[in-house]
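Residue strings, one per chain:
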Amino acid sequence: MASIIDINKAITQVLQKSGKFDEAVMASFEAELNESNTRALLEEKIGLNTEGIMNVLALIYRRGRINIDEVCGYFALDRVGFLKYFAQHFKFEYSSLDESSIDYNLARKIPSAQLKHLGALPLKEDEVNVYVAFRDLFDVEVQDQIANIFNRKILKVVVCDTTKLDKVLSKMELNESVSSLIAQIRQEISSTSTDDGGESSGILRLIETILKTAISSRASDIHIESSEKNCIVRCRIDGMLAEIFVFDKDIYPPLVSRLKMLSNLDIAEHRKPQDGRFSVQVLGRDYDFRISTLPVIHGESVVMRILDKTKAIIKLSELGMLEDNLAKFSRLTRTPYGMILVTGPTGSGKTTTLYAALNDIKSVEKKMITVEDPVEYQMDMIQQVHVNEKAGLTFASSLRSILRQDPDIVMIGEIRDQETLRIAIQAALTGHLVFSTLHTNDAISAVARVVEMGIEPYLVSGSLIGVEAQRLVRKLCPHCKQKITLTPMQLDHIIHLIPDDFTFYAPVGCEKCSQTGYLGREMISEILPISDKISSLIAKNATKEELTSTALAEGFKDFFTDGIRRAAMGITSIPEVYRVAKS
């Protein structure tokens, strides 16, 4: 991979060969050129505008002297915008590689393994031409091999985002690997004249393949959806949905029916949402799958949450909180009584944080009881209650009962209504330490949310001792992340938030991170301890602005600050922090 010094040399060579600039201008440009001011000098000394800079970089990219990540990283360019400019400049076609732009029947004329090896993808053809996207636009040998396969057509090179290209090729290879299963399923459906898939061994093997693929990809959820023509399987990996399989529509009914049977759901009911769960061993480990079905236009949307039953409870110190936030949260968990709320969007790890906190403070001297829907992980020395709405065992009724069990610490999986919230607050006021979760956008909003649910402000101020809010950002892949230098404009917005010693990185993409540039996720958090001053403001029903002002004066650090500090440590990227934490 080229360094910024190599790129600066290449830029200088292009400018000199153009013959448009005299020796004095070039000498001044080279004398002041360093690792961080290339774009500024191109604008000030050479007099290039954005299009002029794009033109110079396109010439270097055309010669194979720089890759797309270096272009965009060093010069703060939009990836798609640069590729479109490059394609237009050299009279290539550009493709976004979305589903409508790919003729999969054409692509399947070449084995997917061979396409992946060559880094090529046939997209479409007409009477004269065949249009092919390439990973390396400058590899003439690969282009000759593809041209020989389509020897009656003229080869047209298509410019595309290579990260997307690798994803499409991987997906094609995966779909090809299950083609024999699909043929078996169709044969079984035809021979039994049924669409329930109940006895179909092909369907069972397909489900096993989907589960294995999702788990090996580190997915947290599996989405099975029907469109007008297809059955689409997507997985949520590091918080982002990725398409894994695309089947023809005839595979959808037996696949969903079999999943319903595994989860003890009514396979004949297609008009109402249903919830269930099943357990199965995948890749030698035991997993629970929580399944939810929802009627949609073209059938039912099925979502499965993956729960690893053998996964150890994480330690509080391993959650990923920075030292100051960890110290604040640890102090809150060791308070003898009061209510601690953990807030954040769905799938942000709230339950994991609660389990870590309980695991950190449990002891034989304390009676600890939880009420959850469902109990996700079993813990020693803690009594766990599984909510059963059908049997009348709700959060509120469970909470009333467990308070008669003489607990010291109570954990409520989720506060869903005013009744549960009021009982929880009464428990906190009568000497119990209460943990629970709430869905709010940030820590300070949790205070207003509790009041909005109908609880008197003076009760909130007397019971609430702290709020921890969290979200998850994707971690940069350690195998391919690339050091970058931020532009002065980018630095101006965040300079007051970053430490003296900092290094920023950008995502690149490699085989180990499935070309995303990210591998795994980490929590960013904000901790709001309820001080005497903030408690007094809550009792007076103060506005969010007043609470925020006081909290900041007392050292409160919000999501964005926490995220920027992690970006400065090379854990995540600046765009990822903006995506997750900047409103």
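Residues numbered from 1 in each chain as written. Predicted model: local features only at pLDDT ≥ 70, side-chain atom pairs only at ≥ 80, totals over all residues. Heavy atoms only, no water.

1. Looking at the pairing of strand E11 (residues 338-343)
Now for step 1: Most of E11 sits inside the fold, with 6 of its 6 residues counted as buried.
Now for step 2: Burial of E11 is two-sided: the residues Gly338, Ile340 and Val342 facing one way and the residues Met339, Leu341 and Thr343 facing the other way are all buried.
Now for step 3: For E11 and strand E15 (residues 433-438), the ladder comprises 6 bridges, and the chain directions are parallel. Among the inter-strand pairings, valine 342 is bridged to a residue of E15, identified as threonine 437.
Now for step 4: By the bridge criterion, 5 bridges tie E11 to strand E16 (residues 464-476) in an arrangement that is parallel. (Buried < 20%, exposed > 50% of the residue type's maximum accessible area, 1.4 Å probe, protein only. Helix = DSSP H or I, 4+ residues; strand = E, 2+ residues; numbered from the N terminus. Pairing = 2+ DSSP bridges.)

2. Notes on the pattern of salt bridges
Now for step 1: Taken as a whole and assessed by the stated rule, the structure comprises 27 salt bridges.
Now for step 2: The closest approach of N and O atoms between aspartate 324 and arginine 565, which form a salt bridge, is 3.3 Å. Placement of aspartate 324 in helix H14 (residues 323-333) and of arginine 565 in helix H23 (residues 559-568) is noted, with a sequence separation of 241 residues between them.
Now for step 3: Here glutamate 456 makes a salt bridge to arginine 422, at a shortest N to O gap of 3.3 Å. One end of the pair, glutamate 456, is in the loop between helix H18 (443-452) and helix H19 (457-463); the other, arginine 422, is in helix H17 (residues 418-429), and 34 residues separate them in sequence.
Now for step 4: Relative accessible area serves as the criterion here: at 29%, glutamate 456 is assigned to the partly exposed category. (Salt bridge = Lys/Arg side-chain N within 4 Å of Asp/Glu carboxyl O.)

3. Observations concerning the packing of aromatic side chains
Now for step 1: Summed over all chains, the structure comprises 10 aromatic pairs.
Now for step 2: On the numbers, 5.1 Å between centres and 15 degrees between planes, the contact of phenylalanine 278 with phenylalanine 289 is stacked. Placement of the pair is phenylalanine 278 in strand E8 (residues 274-282) and phenylalanine 289 in strand E9 (residues 285-296), with a sequence separation of 11 residues.
Now for step 3: What makes phenylalanine 278 buried here is its relative accessible area of 6%.
Now for step 4: Given the relative accessible area of 0%, phenylalanine 289 is considered buried.
Now for step 5: Note on phenylalanine 502 and phenylalanine 504: the rings are 5.4 Å apart at their centroids and 50 degrees apart in plane angle, and the pair reads as tilted.
Now for step 6: Among the aromatic residues, those joined into a ring-pair cluster are Tyr61, Phe82, Phe86, Phe90, Phe92 and Phe138.
Now for step 7: When the ring centre of tyrosine 505 is taken as origin, the NZ or CZ atom of lysine 481, which lies over that ring, is 4.5 Å away. (Phe/Tyr/Trp six-rings, centres within 6.5 Å; stacked < 30°, edge-to-face > 60°. Lys NZ or Arg CZ within 6 Å of the ring centre and 35° of its normal.)

4. Regarding the environment of leucine 438
Now for step 1: Residue placement: leucine 438 occurs in strand E15.
Now for step 2: When the C-alpha atoms of leucine 438 and arginine 416 are compared, they prove to be 8.0 Å apart, with 22 residues separating the residues in sequence.
Now for step 3: Among residues more than four places away in sequence, those in contact with leucine 438 are Leu341, Val342, Thr343, Gly344, Lys350, Ile415, Ala446, Arg449, Val450 and Met453. (Contact = heavy atoms within 4.5 Å.)

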